[in-house]
Amino acid sequence: MSDKYSTSRALLERARRSLAGGVSSPFRAKLPVPLYCADARGSRLTDVDGNEYIDYALAWGPLILGHCHPELVEAMRRHAEMPINYGAQHRLEIDVAEKIQELVPCVERMTFTSSGSEAVHVTCRLARAATKRPLILRFEGHYHGWFDSILWSYRATAEQLGPAGAPLAVAGSQGQPANESQNLLIAGWNDLDALESLFARHGDQIAAVITEPILCNSGGIAPKPGFLEGLREITTRYGALLVFDEVITGFRVGLGGAQQLFGVTPDLATFGKAIAGGATLSALGGRQEILELLGNGVAFGGSFNGNPVALGCAEATIRTLSRDGGQPLRHAEQLGERLKEGIRQAAKDAALEVQVTGHGACFWVHFTSAANITNYRDTLADRRDLLDRYLRLMLDEGILLLPEGRVYLSAVHTEADVDQTLEAVRRVFAQLADG
Ligand SMILES: Cc1ncc(COP(=O)(O)O)c(C=O)c1O
């Protein structure tokens, strides 16, 4: 290994003597080299060794305005001079809630939380309370946070998953009580027939179906035409609720989220990540009569809920993203589409088997011979060895990617970033093709 990263490596060694695993979130330990960051502006990040990168990791998605966006810095500066938390009501809560209500189709009422995991947790509780049913149906490969009740069949192996026709519930972690899975049903995604048969057997027990509307966490996979509409129809027919986990897609694939993009309105939706441009905020919203159960039988709380700093960042982020009829998000998507196409072309020129899937603002690169990737199981054929080499070579080229090949674009990436990235991709693919 080159010692281009020697300071990062030395700091990681030091960190391991105080921080569990040396990192604040175990997912981060998996980058080819867990980097220590020194600074970042716009789409560029610098590490402690002085290496500069074009940042397509964007803190795992939240930085929709890139690093240190002036509007966000100004919001933080203003709020730095004001009380950090009231633990009580203030006007900004209403301002931001009204804005989100205006933008997101399903949001008749909403509430703020601090992390995506927490937002999903309270959403599932609400769904069970509203329907008085126990089961949540979730799909293989989808990520809805790390809580015991939902972290099942996420990154499981083919052997663990069991037969496609009868998927097993696979715990995502040691220490998860096995009986948590009794409150779940597991299904393959993008398969309405499988869903029909699960509903035929358990329909009167299913409180909700939860889905990422685009499978951003495992492959960047689009819903098949009609799939989300089918979910809407089946859940309505059986009196179950439909939950879109828009923690990634919200304020990224459009101001109204994936529900607006696909024209399918869920009963409930969760938001996080980009909603506040990187500040600690998440939210959930949906039908009025369901949300109004909060505090009326459904317990919920949070010391940091609705704190002014996070809401100031959300206000600045949403205001900035809303300019010119939402042009900043269209910019991110269009650049991403150009990058996707360029990667496909580079793979073709290098005679490498590569698939590029997902939305322009969040997509994946797969080293696979699979012609179609429609669910998590299809991604298991990806060549991990080639991906690891690609990630490492791209890092050496100054391109920062997430450990599974996921790519996030922001509103501040530029055409020049994409040009530079495609040149790097071409060099890296040529090396991979050489073996
Ligand atoms: C779709 C989805 N839901 C929920 C979560 C959990 O959010 P958080 O990491 O803020 O707890 C994530 C995080 O990546 C996510 O991608």
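As shown above, the structure is provided for reference.
Keep in mind it's a predicted model, so treat the numbers as computed, not measured. (Residues numbered from 1 in each chain as written. Predicted model: local features only at pLDDT ≥ 70, side-chain atom pairs only at ≥ 80, totals over all residues. Heavy atoms only, no water.)

Draft legend 1. Representation of the site of the ligand within the structure. Around the ligand, the neighbouring residues are Ser115, Gly116, Ser117, Tyr143, His144, Gly145, Glu212, Asn217, Asp245, Val247, Ile248 and Lys273. Contacts to the ligand include Ser117, whose side-chain N or O atom sits 2.6 Å from an oxygen atom. Considered on its own, the ligand offers 390 Å² of accessible surface; in the complex 83% of this is hidden by protein. A class-by-class count of the residues in the shell around the ligand yields three nonpolar, six polar and three charged. (Near = heavy atom within 4 Å. Polar contact = N/O pair within 3.5 Å; in protein donor to acceptor, adjacent residues only side chain to side chain. Areas by Shrake-Rupley, 256 points an atom, 1.4 Å probe, with all protein chains shown as cover. Nonpolar A, V, L, I, M, F, W, Y, C, P; charged D, E, K, R; others polar.)

Draft legend 2. Here's a closer look at the nonpolar core. Formed by 54 residues in total, the largest nonpolar core has its most connected members in Ile100, Phe112, Leu137, Phe139 and Phe251. If one sorts the elements of this core by residue count, helix H10 (residues 308-349) sits on top with eight residues. Composition of this core by domain shows at least three residues from each of domain 1 (6-68 + 326-434) and domain 2 (70-321). Listed in part, the 33 residues of the second largest apolar core include Ala332, Leu387, Met394 and Ile399. (Core = buried A, V, L, I, M, F, W, Y, C linked by side-chain atoms within 4.5 Å. Buried < 20%, exposed > 50% of the residue type's maximum accessible area, 1.4 Å probe, protein only. Helix = DSSP H or I, 4+ residues; strand = E, 2+ residues; numbered from the N terminus. Domains from an automatic or database assignment.)

Draft legend 3. Geometry of the pattern of salt bridges. All told, the structure shown has 28 salt bridges when counted by the stated rule. Sharing partners across several salt bridges, the network here consists of Glu71, Glu315, Arg319 and Arg323. (Salt bridge = Lys/Arg side-chain N within 4 Å of Asp/Glu carboxyl O.)

Draft legend 4. Summary view of the layout of surface pockets. Computed from the structure, the second largest pocket encloses a volume of approximately 300 Å³. Forming the walls of the second largest pocket are 20 residues, and the residues nearest its centre are Ala164, Gly165, Ala166, Pro167 and Ile186. Those elements that place two or more of their residues in the lining of the second largest pocket are strand E6 (184-187) and helix H6 (192-202). Residues of the lining of the second largest pocket, tallied by class, amount to eleven nonpolar, five polar and four charged. (1 Å grid on protein atoms, 1.4 Å probe; cavity = no way out; pocket = protein on both sides within 12 Å on 5 of 7 lines; lining within 4 Å. Points joined across faces, edges and corners; volume = space filled by probe spheres on them.)

Draft legend 5. Spatial organisation of empty space enclosed by the protein. Using the criterion set out here, one finds one cavity of 30 Å³ or more in the structure. Taken as a whole, the largest cavity spans an internal volume of roughly 30 Å³. As for the largest cavity, its lining consists of Tyr56, Leu339, Ile343, Phe363, Tyr390, Met394, Leu401, Val407, Thr421 and Val425. At the level of secondary structure, the elements contributing two or more residues to the lining of the largest cavity comprise H10, helix H12 (384-396) and helix H13 (415-434). Taken together, the residues of the lining of the largest cavity break down into nine nonpolar, one polar and no charged.

Draft legend 6. Up close: the packing of H10 against H13. Remark: H10 packs on H13, axes separated minimally by 10 Å, with the N-to-C direction vectors making an angle of 20°. By the angle class used here, H10 and H13 are roughly parallel. In the crossing of H10 with H13, the sense of the turn from one axis to the other is right-handed. When H10 is examined against H13, the residues Leu335, Arg338, Leu339, Gly342, Ile343, Gln345, Ala346, Ala347 and Asp349 are found in contact with a partner set consisting of Glu415, Val418, Asp419, Thr421, Leu422, Val425, Arg426 and Phe429. Class assignment for the residues of the contact of H10 with H13 results in nine nonpolar, three polar and five charged. (Axes fitted to C-alpha atoms, helices over the stretch in contact; angles between N-to-C directions. Parallel < 35°, antiparallel > 145°, perpendicular 65-115°, else oblique. Left-handed = near helix turned anticlockwise from the far one by under 90°. Contact = heavy atoms within 4.5 Å.)

Draft legend 7. Seen up close, the packing of aromatic side chains. Within this structure, the stated rule accounts for eleven aromatic pairs. Residues Phe199 and Tyr238 carry aromatic rings whose centres are separated by 5.0 Å and whose planes lie at 40° to one another, so their mutual orientation is tilted. Of the two residues, Phe199 is situated in helix H6 and Tyr238 in helix H7 (residues 227-238); the sequence distance between them amounts to 39 residues. You can call Phe199 buried: its relative accessible area is 1%. Members of the aromatic cluster, connected to one another through ring pairs, are Phe27, Trp60, Tyr143 and Tyr154. (Phe/Tyr/Trp six-rings, centres within 6.5 Å; stacked < 30°, edge-to-face > 60°.)

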